[in-house]
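Here's the letter readout for the chains.
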Amino acid sequence: MGAQVTRTDVWSELRVSSTPQLHLSISPNLTALAMIADALAGRRRGLPELWRRAIASRVGPLGHEAVRPLAAPGTSVAPDSLVPHAPVGADVSMQAQISALYDLPPEVLLKDLEQAFGPGTPPPHWRAAAERPARWLRGYAGALGDVWNTMEPLWKRARPLLDREVERVGVATVRGGPELLLGALGHRIAYGERGLLLPRQDPGTYELGDRKIVLVPMLAGKDALIVSLDHPEVVWIAYPVPGADSLWRKPVAPAVDELSALVGPVRADLLCVLDQPMTMSMLATGMQIAPSGLTYHCDRLRAGRLITRERRGREVWIARTHRAEELLELFRR
């Protein structure tokens, strides 16, 4: 089954029985796919309107026609031909991916459609591609090239953000906190008691086993998410790189310290402030954070087993856990 670009409140569970192996792929391929889905196919994921219009204006009629299946309601499964080179191992350039699409035999696309949707006639929104696969491949490859021409300057400007993400993933791996990182990839991903929870159109339970997890940071809207859970050797998750929204309106932010890179600056400050238990109102006043924002960050820290919450009368008291103490000790110089 192909990759999925989803926006739903239905969850799939990726069960993790041991410390997961994390790998990182810095490649623009899935960023381009996310932008296509948002700007051309109408699956809005938070891409700024200015960028949405710029991308739409650069793509020709055949490209617009080719990406229409991505906007179909219901399932958002797409054939693997959309990402001919899986983000595993060496990063693949956009030029190589576009060339591969132009050179891809039409029968490979037909095989991918059958793998994604089963034998027989594909869903209505993919029938045009099945009937004229060579034409569809030309249209999609052209759209991908036009999108890359538009986003390439942005990708180059994002190098400091991507470097910071490499550092963040490296810190989590070396410091032994991959679960914390996985739970902080975005607001639509959560790390539960048994593993990772991901929104998908077709909910299910998957075992990570001894597969590795490849993380692919994207320059995309805050709601963008592309996942693949059923590859026999690897699970990959493409998510908005932290700070990507800064690229739309101001220069890339400078790098932050290791703890902030791992859990985020607000949550790092929260952990440091909690030298002794405090109430939610005390934290909100002292840190000048709105109650709703504070609740959100505390929920994330609690999901990572870094804080506890205890109601005493009308007040909710927050305290660091032993796990948080160990994490802070790792980052003390």
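Just above sits the structure.
The following refers to the structure shown.

Scoring rules and cut-offs
Residues numbered from 1 in each chain as written. Predicted model: local features only at pLDDT ≥ 70, side-chain atom pairs only at ≥ 80, totals over all residues. Heavy atoms only, no water. Helix = DSSP H or I, 4+ residues; strand = E, 2+ residues; numbered from the N terminus. Buried < 20%, exposed > 50% of the residue type's maximum accessible area, 1.4 Å probe, protein only. Contact = heavy atoms within 4.5 Å. Areas by Shrake-Rupley, 256 points an atom, 1.4 Å probe, with all protein chains shown as cover. Expected span 1.5 Å × (residues − 1). 1 Å grid on protein atoms, 1.4 Å probe; cavity = no way out; pocket = protein on both sides within 12 Å on 5 of 7 lines; lining within 4 Å. Points joined across faces, edges and corners; volume = space filled by probe spheres on them. Nonpolar A, V, L, I, M, F, W, Y, C, P; charged D, E, K, R; others polar. Pairing = 2+ DSSP bridges. Phe/Tyr/Trp six-rings, centres within 6.5 Å; stacked < 30°, edge-to-face > 60°.

1. What to know about the overall build of the protein chain
Phase 1 of the analysis: Along the backbone of the protein chain there are 15 helices and twelve strands.
Phase 2 of the analysis: Every one of the 333 residues in the protein chain was classed for burial, and the buried ones make up 51%.
Phase 3 of the analysis: If you take every contact in the protein chain between residues at least 6 apart in sequence, the share linking residues at least 24 apart comes to 72%.
Phase 4 of the analysis: Carbon and sulfur atoms make up 53% of the accessible area of the protein chain, which amounts to about 15,400 Å² in all.

2. So, helix 8 (residues 159–174)
Phase 1 of the analysis: Its 16 residues place the ends of helix 8 22 Å apart at the C-alpha level, agreeing with the 22 Å of an ideal helix rising 1.5 Å per residue.
Phase 2 of the analysis: Every buried residue of helix 8 is accounted for by Leu161, Leu162, Arg164, Glu165, Arg168, Val169, Val171 and Ala172.

3. A few points about empty space enclosed by the protein
Phase 1 of the analysis: Summed over the entire model, instances satisfying the criterion amount to four cavities of 30 Å³ or more.
Phase 2 of the analysis: Considering only enclosed or pocket space, the largest cavity measures out at about 140 Å³ in volume.
Phase 3 of the analysis: Every residue lining the largest cavity is counted, 13 residues in all, and those nearest its centre are Leu180, Gly183, Ala184, Arg300 and Gly304.
Phase 4 of the analysis: Counting residues per element, the ones that place at least two in the lining of the largest cavity are helix 9 (178–182), strand 4 (190–191) and helix 14 (291–303).
Phase 5 of the analysis: Ranked by the residues each element gives to the lining of the largest cavity, the list is headed by helix 14, at three residues.
Phase 6 of the analysis: A per-class count over the lining of the largest cavity returns eight nonpolar, two polar and three charged.

4. A closer look at the sheet that holds strand 10 (residues 278–279)
Phase 1 of the analysis: Reading across the sheet, the three strands line up as 10-12-11 and stay open at both edges, with antiparallel pairing between neighbours. Each having just a single partner strand, strand 10 and strand 11 (307–312) make up the two edges of the open sheet.
Phase 2 of the analysis: Here strand 11 pairs with strand 12 (residues 315–320) via six bridges, running antiparallel. Bridge pairing in strand 12 places Glu310 opposite Trp317.

5. Side note on the packing of aromatic side chains
Phase 1 of the analysis: Summed over all chains, the structure comprises three aromatic pairs.
Phase 2 of the analysis: When the ring of Phe117 is compared with that of Trp126, the centres are 6.4 Å apart and the planes differ by 40 degrees; the resulting orientation is tilted.
Phase 3 of the analysis: Given the relative accessible area of 23%, Phe117 is considered partly exposed.
Phase 4 of the analysis: Looking at Trp126, the relative accessible area reads 1%, which means it is buried.
Phase 5 of the analysis: Ring pairs connect the aromatic residues Phe117, Trp126, Trp136 and Tyr140, which therefore count as one cluster.

6. Re helix 14
Phase 1 of the analysis: The end-to-end C-alpha distance of helix 14 is 18 Å, a good match for the 18 Å that 13 residues give at a rise of 1.5 Å each.
Phase 2 of the analysis: Tucked inside the fold, the buried residues of helix 14 contact strand 4, helix 12 (265–273), helix 13 (280–287) and strand 11.
Phase 3 of the analysis: Where helix 14 ends, the next residue or the one after it, Arg305, has phi of about 60 degrees, a positive value.

7. As for the pairing of strand 7 (residues 212–218)
Phase 1 of the analysis: A large share of strand 7 lies buried, amounting to six of its seven residues.
Phase 2 of the analysis: Two elements, strand 3 (residues 22–24) and strand 7, share three bridges in a ladder whose sense is parallel. Within strand 7, the position partnered with Leu22 by the bridge is Ile213.
Phase 3 of the analysis: Both strand 7 and strand 9 (residues 234–240) contribute to a ladder of seven bridges, which runs parallel. Residue pairing across strands places Pro217 opposite Tyr239, the latter belonging to strand 9.

8. Remarks on the layout of surface pockets
Phase 1 of the analysis: What the largest pocket holds in volume is close to 860 Å³.
Phase 2 of the analysis: What lines the largest pocket is a set of 37 residues, and nearest its centre among them are Ala184, Leu185, Val241, Pro242 and Gly243.
Phase 3 of the analysis: Counting only elements with at least two residues in the lining of the largest pocket, the list comes to helix 8, strand 9, helix 10 (245–249), helix 11 (258–263), helix 12 and helix 14.
Phase 4 of the analysis: Partitioned by chemical class, the residues of the lining of the largest pocket number 20 nonpolar, nine polar and eight charged.

9. Brief notes about the pairing of strand 5 (residues 195–199)
Phase 1 of the analysis: Counting buried positions over the five residues of strand 5 gives four, a clear majority of the element.
Phase 2 of the analysis: In the sheet, strand 2 (residues 11–15) pairs with strand 5 via five bridges, with the strands oriented antiparallel. Following the sheet pairing, Ser12 is matched in strand 5 by Leu198.
Phase 3 of the analysis: Bridge count for strand 4 against strand 5 is two bridges, and the pairing is antiparallel. Residue pairing for strand 5: Ala190 is matched across the bridge by Leu197.
Phase 4 of the analysis: Linkage of strand 4 to strand 5, two consecutive antiparallel strands, is achieved through a turn of three residues.

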